[in-house]
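Structural description and commentary
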Amino acid sequence: MNWDQIEGKWTEVKGKARASWGELTDDELDQIGGKKDQLVGKLQQKYGLEREQAEKRADDWADGL
């Protein structure tokens, strides 16, 4: 699934994001709103990832939807 689709269907896929990244709160998931840059930033913040690592994890997750 591409990021435009994810953003449009965020309420449907938010639970899958929660299952993948349990440290993200519901409020943070609402703030992300399906936007890749927001998700990458939160992954960096919560998991201490470098930007490239966070982008790869986000893209791998999106590809699996």
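These remarks concern the structure in this document. (Residues numbered from 1 in each chain as written. Predicted model: local features only at pLDDT ≥ 70, side-chain atom pairs only at ≥ 80, totals over all residues. Heavy atoms only, no water.)

1. A few points about the pattern of salt bridges
All told, the structure shown has 7 salt bridges when counted by the stated rule. Close ionic contact of Glu55 with Arg51 constitutes a salt bridge, the shortest N to O distance being 3.2 Å. You can see Glu55 and its partner Arg51 sitting in helix α5 (residues 51-63), 4 residues apart, about one turn around the helix. The exposure class of Glu55 is partly exposed, given its relative accessible area of 28%. Lys56 is the partner of Asp60 in a salt bridge, and the nearest nitrogen-oxygen pair spans 2.8 Å. Separated by 4 residues within a single helix, Asp60 and Lys56 lie in helix α5, roughly one turn from each other. By relative accessible area, which is 42% here, Asp60 ends up partly exposed. (Salt bridge = Lys/Arg side-chain N within 4 Å of Asp/Glu carboxyl O. Helix = DSSP H or I, 4+ residues; strand = E, 2+ residues; numbered from the N terminus. Buried < 20%, exposed > 50% of the residue type's maximum accessible area, 1.4 Å probe, protein only.)

2. Brief notes about the environment of Gln44
Position of Gln44 among the secondary structure elements: in helix α4 (residues 36-47). Between the C-alpha atom of Gln44 and that of Glu55, which follows or precedes it by 11 residues, the distance is 9.2 Å. A distance of 3.2 Å separates the side chain of Gln44 from the side chain of Arg51, its partner in a polar contact. (Polar contact = N/O pair within 3.5 Å; in protein donor to acceptor, adjacent residues only side chain to side chain.)

3. Regarding α5
When the terminal C-alpha atoms of α5 are compared, their 18 Å separation across 13 residues agrees well with the 18 Å that a helix rising 1.5 Å per residue should span. For α5, the set of buried residues is Ala54, Ala58, Trp61 and Ala62. Seen end-on, α5 carries its buried residues on one side only, within an arc spanning 100 degrees. Those residues of α5 that are exposed and angled more than 90 degrees off the buried face are Glu52, Lys56 and Asp63. Of the surrounding elements, those touching the buried residues of α5 are α1 (3-8), α2 (10-20) and α4. (Expected span 1.5 Å × (residues − 1). Arc of directions from axis to C-beta. Contact = heavy atoms within 4.5 Å.)

4. Some words on the packing of aromatic side chains
All chains considered together, the criterion is met by 3 aromatic pairs. Here Trp10 and Trp61 contribute two aromatic rings whose centre-to-centre distance is 6.3 Å and whose plane-to-plane angle is 70 degrees, an arrangement assigned as edge-to-face. Separated by 51 residues along the polypeptide, Trp10 in helix α2 and Trp61 in helix α5 bring together distant segments of the chain. Grouping residues by exposure puts Trp10 and Trp61 together as buried. (Phe/Tyr/Trp six-rings, centres within 6.5 Å; stacked < 30°, edge-to-face > 60°.)

5. Looking at the nonpolar core
Formed by 17 residues in total, the largest nonpolar core has its most connected members in Trp10, Leu39, Leu43 and Trp61. Listing elements by their share of this core, those giving two or more residues are α1, α2, α3 (26-32), α4 and α5. Tallying contributions element by element places α5 first for this core, with 4 residues. The residues contacting Leu39, other than those within four sequence positions of it, are Trp3, Trp21, Leu24, Ile32, Ala58 and Trp61. (Core = buried A, V, L, I, M, F, W, Y, C linked by side-chain atoms within 4.5 Å.)

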